[in-house]
Amino acid sequence: MKVSSKIEALLFVAGNEGLTLTEISHMINLSTASLYNEITELKKNYEESEESSLTILEVGDRFMLSTKKEYASLLKQYAQSSINQSLSQAALECLSIIAYKQPITRAEIEELRGVQSSGSVQKLVTRRLIEEKSRVDGPGRAILYGTTAYFLDYFGLKTVDELPPVEQLDENAEKEIPNDLFFDRFKEQFEKLEEEQEEI
């Protein structure tokens, strides 16, 4: 595999949290100096290619795979279109975890779900259901996600304090409340989180 392909794959999976030179260097066993040259060359190739919509952003000490700014209107149109209105089960599982355990990092979400979740998290950000609240103090400065005001409106809540305790989900599912579908559909996920919390 080419070094550029490895970099591209890692940045794609990392999503909007990105990766540092040190993190990528450790993964592909390449010096940071050589790695920086590879990333610079890859970004140049993206920018010069009319067949690619991708580019690489350098934010602070982190690199992120992103789309070129000229595609912004197209992606905004997609985000607001009917084909993007329904959330996948994976995205809803991520949303349920974030709603109950916020603020939380993507790595913590993935640890709870047991699967890679960058795509689902990014879709939730695009849909304005979650947002960056802050960053973890320490290496990597991972993003801490939380729900948005739009999330509250979307599920008919005034504050996150109105989220029912996990043990009350059965009771709430029997009542006709605006957000019972959300809670009923992911009752098992919430119960799993509660059990893991008790074990800690």
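Residues numbered from 1 in each chain as written. Predicted model: local features only at pLDDT ≥ 70, side-chain atom pairs only at ≥ 80, totals over all residues. Heavy atoms only, no water.

Caption draft 1: Spotlight on unusual backbone geometry. Cis geometry is found at the peptide bond from Q102 to P103, where omega equals -5°. Within the element layout of this structure, P103 appears in the loop between α5 (89-101) and α6 (106-113). In this model, N29 sits at a positive phi of 55°, which is unusual for a non-glycine residue. Examined against the element boundaries, N29 turns out to sit in the loop between α2 (21-28) and α3 (32-48). Although it is not a glycine, R128 adopts a positive phi angle of roughly 65°. Within the secondary structure, R128 is located in the loop between α7 (118-126) and β4 (130-135). (Helix = DSSP H or I, 4+ residues; strand = E, 2+ residues; numbered from the N terminus.)

Caption draft 2: Structural context of the packing of aromatic side chains. The full count for this structure, using the stated rule, is one aromatic pair. In this structure, R128 is placed above the aromatic ring of Y150, and the distance from its NZ or CZ to the ring centre is 4.3 Å. (Phe/Tyr/Trp six-rings, centres within 6.5 Å; stacked < 30°, edge-to-face > 60°. Lys NZ or Arg CZ within 6 Å of the ring centre and 35° of its normal.)

Caption draft 3: Geometry of the layout of surface pockets. Estimated volume of the largest pocket: approximately 770 Å³. Elements with a contribution of two residues or more to the lining of the largest pocket: α1 (3-14), β2 (54-59), β3 (62-67), α4 (72-80) and α7. Take the lining of the largest pocket: its biggest share by element is five residues, from α7. A per-class count over the lining of the largest pocket returns nine nonpolar, nine polar and two charged. Domain assignment of the residues forming the lining of the largest pocket places at least three in each of domain 1 (3-68) and domain 2 (85-165). A volume near 220 Å³ is recorded for the second largest pocket. Along the wall of the second largest pocket there are 15 residues; nearest its centre are E17, G18, L19, R106 and A107. The set of elements that each furnish at least two residues to the lining of the second largest pocket consists of α1 and α6. For the lining of the second largest pocket, the residue count by class is seven nonpolar, three polar and five charged. (1 Å grid on protein atoms, 1.4 Å probe; cavity = no way out; pocket = protein on both sides within 12 Å on 5 of 7 lines; lining within 4 Å. Points joined across faces, edges and corners; volume = space filled by probe spheres on them. Nonpolar A, V, L, I, M, F, W, Y, C, P; charged D, E, K, R; others polar. Domains from an automatic or database assignment.)

All quantities given are derived from atomic positions and should not be read as evidence of function.
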